[in-house]
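# Understanding the architecture of this molecule
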Amino acid sequence: MARRRTRTRKVNRRRTPKAMFNILDVAQSFVLANAGTKFAFGTNVVPFLTEGWLTPKSNATNNSWEVSAAELFDLVTGGTGSISATGFPGGLMDVIKHNIQSTEGKTALATMILAPVFFKAGKKVAAPAIRSTNKLIRQAGLGTLVKV
């Protein structure tokens, strides 16, 4: 009679699904997006995205060196926005060059370089607190949605 081969059966372990929303990663992305828009367009990310569309033009992008997404859209579609050739002979490139060379542009560049380093170091230093916070989030039943 043929001998039966015995296999060790692989045990399927229950895995919890990966969290959809990591708070620290979202915060890091916001800091980097804010620095990027400050670097190139001279304004923070929220006024850059909302002014001219969701909110009226306010003091956040009121000078000629600050650009909003609505102004960029107006420029691309051929409108006569504030970045037209009449306002700046170099157009958008003049504005971006000025913002990069400004003190705020240099600060934003340093932020884009150093923020990921500090977030990574901060996560390592705060690891015990992060673990206990994630444990509380899982106990509250939000472990599949949110993670710190």
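In this text the structure is predicted, and so the values were computed from the model without any measurement.

Parameters and conventions
- Residues numbered from 1 in each chain as written.
- Predicted model: local features only at pLDDT ≥ 70, side-chain atom pairs only at ≥ 80, totals over all residues.
- Heavy atoms only, no water.
- Helix = DSSP H or I, 4+ residues; strand = E, 2+ residues; numbered from the N terminus.
- Phe/Tyr/Trp six-rings, centres within 6.5 Å; stacked < 30°, edge-to-face > 60°.
- Buried < 20%, exposed > 50% of the residue type's maximum accessible area, 1.4 Å probe, protein only.
- Patch = residues over 30% accessible without salt bridge, like charges linked within 9 Å, V, L, I, M, F, W, Y side chains within 5 Å.
- Areas by Shrake-Rupley, 256 points an atom, 1.4 Å probe, with all protein chains shown as cover.
- Salt bridge = Lys/Arg side-chain N within 4 Å of Asp/Glu carboxyl O.

### Topic: the environment of Asp-94
- Residue position: Asp-94 is located in helix H4 (residues 92-101).
- Linking Asp-94 and Trp-65, residues 29 residues apart in sequence, is a C-alpha distance of 9.0 Å.

### So, the packing of aromatic side chains
- Evaluated as defined, the whole model comprises two aromatic pairs.
- Judged by centre distance (6.2 Å) and plane angle (70°), the rings of Trp-53 and Phe-73 are edge-to-face. In this pair, Trp-53 sits in the loop between helix H2 (45-50) and helix H3 (69-76) while Phe-73 sits in helix H3, placing the two residues 20 residues apart along the sequence. Each member of the pair, Trp-53 as well as Phe-73, is classed as exposed.

### A short note on the environment of Ser-64
- Tracing the backbone through its elements, the reader meets Ser-64 in the loop between H2 and H3.
- Placed 31 residues apart in sequence, Ser-64 and Val-95 show a C-alpha to C-alpha distance of 8.1 Å.

### Concerning a nonpolar patch on the surface
- The grouping of Met-20, Phe-21, Ile-23, Val-26, Leu-142 and Leu-145 at the surface amounts to a nonpolar patch, some 540 Å² of accessible area in total.
- Looking at where Leu-142 falls in the secondary structure, it is placed in the loop between helix H6 (127-139) and strand E2 (146-147).

### A word on the pattern of salt bridges
- Tallying each qualifying case throughout the model produces two salt bridges.
- One salt bridge connects Asp-25 with Lys-123, and the closest N-O pair in it is separated by 2.8 Å. Of this pair, Asp-25 sits in helix H1 (residues 23-41) while Lys-123 sits in helix H5 (residues 103-125), placing them 98 residues apart in sequence.
- Overall, Asp-25 belongs to the partly exposed group, its relative accessible area being 34%.
- Residue Lys-38 pairs with Glu-104 through a salt bridge whose shortest N-O separation is 3.6 Å. Here the residue Lys-38 occupies a position in helix H1, and Glu-104 occupies one in helix H5, the gap between them amounting to 66 residues.

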